[in-house]
Amino acid sequence: MKKITLPAASRLTSPNPVTLVCTLRPDGGTNLATVSWWNYLSFNPSMIAFAMAKTSYSGECVRETKEVVVTVPGAALASQAVSCGSTTGRDTDKAATFGVELTELDGCAIRVPVHSRVAIQCELKDFIEVGDHYLYICTVKNVYGDANEEALFAWNGYAEIAPAAKKV
Ligand SMILES: Cc1cc2nc3c(=O)[nH]c(=O)nc-3n(C[C@H](O)[C@H](O)[C@H](O)COP(=O)(O)O)c2cc1C
């Protein structure tokens, strides 16, 4: 092995996970942001975490409302996941602009993409500063899944979004 940078390592670990982090906008709409840096933390109690740049609008929304749904988008959302990862929700309704159809979850104020393989509805427990990001530590309230939706992954680091079957 040779010495490399952390971004270079993220290309070697591809395919990397892809989620669409769903947060509540002040107008009741859903903000969608593409996030690869998420992880399971604990099964008992159920907890997950994700890291987002300090400047992200999603972070602002989740710190304000303490609610978030982390979804794994289905294959139908490949191009929208790229768009949601390169636009801020601060001045754009991404779901409307990029044509992401949303659906309700029981007892949840945040609507989520219809084409989701997994949706993890969470309450924000804490967030901590980690360099240029905040790490959002979340308690899981409900989890939903649909095995018929094919999960998306990020390839070549985070440059391309496609199902894992791409390389088979
Ligand atoms: C494949 C991919 C993965 C990404 N992963 C992350 C991530 O883990 N954390 C992060 O802060 N931004 C990540 N981004 C960038 C955000 O999605 C981007 O900054 C977005 O504009 C934030 O939107 P917001 O301001 O509405 O929250 C990723 C983008 C792409 C395309």
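Computed from a predicted model, the values in this text were never measured in an experiment. (Residues numbered from 1 in each chain as written. Predicted model: local features only at pLDDT ≥ 70, side-chain atom pairs only at ≥ 80, totals over all residues. Heavy atoms only, no water.)

S.K.: Help me understand the site of the ligand, please; the structure alone is not making it clear to me.
M.R.: As a matter of local geometry, the ligand sits amid 21 residues, with Thr34, Ala53, Ser58, Thr88 and Gly89 nearest to it. Taking Trp37, its main chain carries an N or O atom lying 2.9 Å from an oxygen atom of the ligand. A distance of 2.7 Å is found between an oxygen atom of the ligand and a side-chain nitrogen or oxygen belonging to Thr88. If the ligand stood free it would expose 650 Å²; the protein chains cover 83% of that surface. (Near = heavy atom within 4 Å. Polar contact = N/O pair within 3.5 Å; in protein donor to acceptor, adjacent residues only side chain to side chain. Areas by Shrake-Rupley, 256 points an atom, 1.4 Å probe, with all protein chains shown as cover.)

S.K.: Can you help me understand the pairing of strand 2 (residues 19–24) in this one?
M.R.: For a regular strand, side chains alternate in direction, first toward one face of the sheet and then toward the other. For strand 2, a buried count of six out of six residues is recorded, marking the element as mostly surrounded by other parts of the structure. Neither face of strand 2 is left uncovered, since the one carrying Thr19, Val21 and Thr23 and the one carrying Leu20, Cys22 and Leu24 both have all their residues buried. Inspection of the sheet shows strand 2 paired to strand 3 (residues 30–35) by six bridges, in the antiparallel sense. Bridge assignment links Val21 to a residue of strand 3, and that residue is Ala33. (Buried < 20%, exposed > 50% of the residue type's maximum accessible area, 1.4 Å probe, protein only. Helix = DSSP H or I, 4+ residues; strand = E, 2+ residues; numbered from the N terminus. Pairing = 2+ DSSP bridges.)

S.K.: Explain the layout of surface pockets here, please?
M.R.: To find leftover empty space, one rolls a probe the size of a water molecule over the atoms. Estimated volume of the largest pocket: approximately 540 Å³. Lining the largest pocket are 29 residues, and of these Thr34, Val35, Ser36, Met52 and Gly85 lie nearest its centre. Mapped by element, the contributors of at least two residues to the lining of the largest pocket are strand 3, strand 5 (46–53), helix 2 (57–65) and helix 3 (78–84). A per-element tally of the lining of the largest pocket places strand 3 first, with four residues. For the lining of the largest pocket, the per-class residue count stands at 15 nonpolar, twelve polar and two charged. (1 Å grid on protein atoms, 1.4 Å probe; cavity = no way out; pocket = protein on both sides within 12 Å on 5 of 7 lines; lining within 4 Å. Points joined across faces, edges and corners; volume = space filled by probe spheres on them. Nonpolar A, V, L, I, M, F, W, Y, C, P; charged D, E, K, R; others polar.)

Don't take any of this as a statement about function, it's just geometry.
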